[in-house]
Amino acid sequence: MIPSLFDYKRASSAAEAISLVTEYGEDAKFLAGGHSLLPLMKLRLAAPSVLVDIGRLKDLSYITDAGSYIAIGALTRHMDVETSSIVKQHVPLLACAAGHVGDPQVRHRGTIGGSIAHADSASDLPATTLALGATYVVQGASGTREIAATDFYKGFLESALRPDEMLTEIRVPKMNGAGWSFQKFNRRAQDWAIVGVAAWRGNGGSGVALVNMGSTPVLATDVAIALASGASVADAAELAAAQADPQSDLNASAEYRTHLAKVLVRRALEEASK
Amino acid sequence: MKISVTVNGQTHESDVEPRTLLVQYVREDLGLTGTNIGCDTSSCGACSLHLDGEAVKSCTVLAVQADGSQVTTIEGLATDGKMHPMQEAFMQNHGLQCGFCTPGMVMAAIGLLNENPNPTEDEVRIGLEGNLCRCTGYHNIVQSILACAKGGK
């Protein structure tokens, strides 16, 4: 399967990349690792007329300790997030989730920024960074702004990114030793989650987000509210799907997904509460 | 678009359409048909090769993305007519039946040992999650990789 014809532009800086997409408008797409976009283009589900390759912007591949949060450049590959000693120490939930994306070959190419900008509710990292209260830094023709993960996901593969904006950095608050768990239920190795859960608990708070339980990644706020008011893990987990709107598809019915969400949130919270 | 890619030690200057996939480039432009196309959806791993020393799925990489890079395919493993130790281990341990997945398996397996030279059996199985085999049930593939690791090669 071959994508339909497109023009290829290679950017040598973020500013050049943004100026290129501004020039070509909504028919242009950024190409990072290509592991979300190219499969869609091969299936002709996406047919951008211009690809702006940002994959060589090495200055957007970094992981740094910024005090209260860890700053991760958008072009940092999953493999680098998974194996980073800084990420493993301060946001171990994210390191674990990054190690669950696709398979080793995919993690050698795919990037954290590409995964988040693609905004697929079935992907592991949008939900995980949502659970962790991350902030995304985006750069556009009119400057830089920060978008909270809670405000970022707008619909199926839709985000708050404007056509001329590029995600440049992901800021993930340090977990400060909080317990955590990542649960991924799938039928085949390497596959997307039928349902997934990213959860942490500790330091007087908690965060639970769901993978593939609706058109966007879902923050299970009722679970966190119940835990804060003293509910047991088992009782809080019963509220897992309160904010969700799961679809039925080849893999699972909406009812089954709802059941799975409750079971996996309970397991995740039990593990995070140890 | 003009690209320059070094494949198995030999540099090729080529003119490709931007939509050309890396797997299509090595197979059709360079005639290196050892790299197979299986699922064509980055699931099965049959198209695995090494891009700048790391295993990738070449059905999901554009040839233009490999411009300036080093590529190693299954054809580039043998030296002086002698198979790579991983190929030898697959042969000795009957790590293949029909052979379709084998080039990708071998490339993924070498990548796995590059990153983890002494894996446990579980680590080998997890490390192969991106490669599907429909014949062997994986047992002898895993044994081949463990044997190669044990050989210290």
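What you see as residue numbers is a count from 1 along each chain, following the sequence as written. Chains and ligands are labelled by the order in which they are written, letters from A for the one and numbers from 1 for the other. pLDDT decides what is reported in this predicted model: residues at 70 or higher carry local features, side-chain atom pairs at 80 or more are listed and counted, and totals for whole chains, interfaces and linings draw on all residues regardless.

Under the scheme used here, helices are H or I runs from DSSP no shorter than 4 residues and strands are E runs no shorter than 2 residues, and both carry numbers assigned from the N terminus. Helix and strand content of chain B: five helices and five strands. The helix and strand sequence of chain B, counted from the amino end, reads β-β-α-β-β-β-α-α-α-α. Considering only C-alpha atoms, chain B reaches an extent of 45 × 30 × 25 Å along its principal axes. Around each residue's C-beta, the other C-beta atoms within 10 Å are counted; 20 or more make the residue buried, 12 or fewer make it exposed, and counts in between make it partly exposed. All C-beta atoms are placed from the backbone. For chain B, the residues scored as buried account for 47% of the 153 residues in total. When contacts within chain B are restricted to residue pairs at least 6 apart in sequence, those whose partners lie at least 24 apart make up 60%. Here the contact rule is simple: place C-beta atoms from the backbone, and any two residues whose C-beta atoms are within 7 Å are in contact.

Of regular secondary structure, chain A possesses twelve helices and 14 strands. It is over C-alpha atoms that the radius of gyration is taken, and the globule rule equals 2.2 Å times the number of residues to the power 0.38. The C-alpha atoms of chain A give 18 Å as radius of gyration, which agrees with the globular expectation for 274 residues (19 Å, within 12%). Oriented by its inertia axes, the alpha-carbon framework of chain A measures out at about 55 × 45 × 30 Å. Looking at chain A as a whole, 54% of its 274 residues qualify as buried.

Attention shifts here to the domain arrangement of chain B. Residue and element names in this part refer to chain B. Throughout, the edges of the domains are those of an automatic or database domain assignment. Looking at the assigned domains, one finds that chain B contains domain 1 (2-76) and domain 2 (85-150). Using only C-alpha atoms to locate each centre, domain 1 and domain 2 end up separated by 21 Å. Listed by partner, the interface residues are 14 residues for domain 1 and eleven residues for domain 2. Here the element with the most residues in the side of domain 1 that touches domain 2 is strand E3 (residues 48-51); it accounts for three residues. When residues are sorted by character, Ala, Val, Leu, Ile, Met, Phe, Trp, Tyr, Cys and Pro go into the nonpolar class, Asp, Glu, Lys and Arg into the charged class, and all the rest, Gly among them, into the polar class. Of the residues assigned to the side of domain 1 that touches domain 2, the class counts are six nonpolar, seven polar and one charged.

We now examine the interface of chain A and chain B. The interface of chain A with chain B comprises 22 residues on the first partner and 24 residues on the second. Contributing elements (two or more residues each) for the side of chain A that touches chain B: strand E1 (7-10), helix H2 (37-42) and helix H6 (104-109) of chain A. For the side of chain A that touches chain B, the element with the highest residue contribution is H6(A), accounting for five residues. Partitioning the side of chain A that touches chain B into residue classes produces eleven nonpolar, seven polar and four charged.

This part covers the pairing of strand E6 (residues 135-140) of chain A. All names here are of chain A. Direction of pairing for E6 relative to strand E7 (residues 143-148): antiparallel, over a ladder of six bridges. Within the sheet, the bridge partner assigned to Tyr 136 lies in E7 and is Ile 147. Strand pairing follows a simple DSSP-based rule, namely that at least 2 bridges must link the two strands. As judged from the five bridges shared by E6 and strand E10 (residues 166-173), these two strands associate in the antiparallel manner. Bridge pairing in E10 places Thr 135 opposite Arg 171.

The subject of this paragraph is the sheet that holds strand E11 (residues 179-185) of chain A. Residue and element names in this part refer to chain A. The four strands are arranged E11-E12-E13-E14 in an open sheet whose pairing can be described as antiparallel. The open sheet has two edge strands, E11 and strand E14 (218-219), and neither has a second partner. For helices, the fitted line uses only the C-alpha atoms of the stretch in contact; every axis is such a line through C-alpha atoms, and the angle between N-to-C directions lies from 0 to 180 degrees. Strands in contact with helix H8 (residues 124-131) are E11, strand E12 (195-202), strand E13 (205-211) and E14; relative to E13, the strand with the most contacts, it is inclined by about 160°. Running over the sheet, helix H10 (residues 221-228) touches E12, E13 and E14 and is turned about 155° from E13.

What follows is about unusual backbone geometry. Residue and element names in this part refer to chain B. One non-glycine residue, Asp 40, lies in the positive phi region at around 65°. Position of Asp 40 among the secondary structure elements: in the loop between helix H1 (22-29) and E3. Residue classification places Asp 40 among the partly exposed positions, given that 19 C-beta atoms sit within 10 Å. Phi at Asp 52 takes a positive value of approximately 50°, unusual for a residue other than glycine. Position of Asp 52 among the secondary structure elements: in the loop between E3 and strand E4 (54-57).

Turning our attention to the domain arrangement of chain A. When cut into domains, chain A gives domain 1 (7-53), domain 2 (58-173) and domain 3 (179-272). Relative to domain 3 of chain A, the C-alpha centre of domain 1 of chain A lies at a distance of 33 Å.

Membership of the largest hydrophobic core comes to 87 residues, with the highest contact counts inside it found for A:Ala199, A:Leu210 and A:Val265. Counting residues per element, this core draws most heavily on helix H12 (residues 254-272) of chain A, which supplies seven residues. Not counting residues within four places of it along the chain, the set of residues in contact with A:Ala199 comprises A:Ala131, A:Trp180, A:Ser181, A:Gly207, A:Val208, A:Val265, A:Ala268, A:Leu269 and A:Ala272. Nonpolar cores are identified as sets of buried Ala, Val, Leu, Ile, Met, Phe, Trp, Tyr and Cys residues joined via C-beta atoms within 7 Å. The next biggest cluster of nonpolar side chains, apart from the first, holds 46 residues, and it includes B:Met86, B:Ala89, B:Met105 and B:Ala109.

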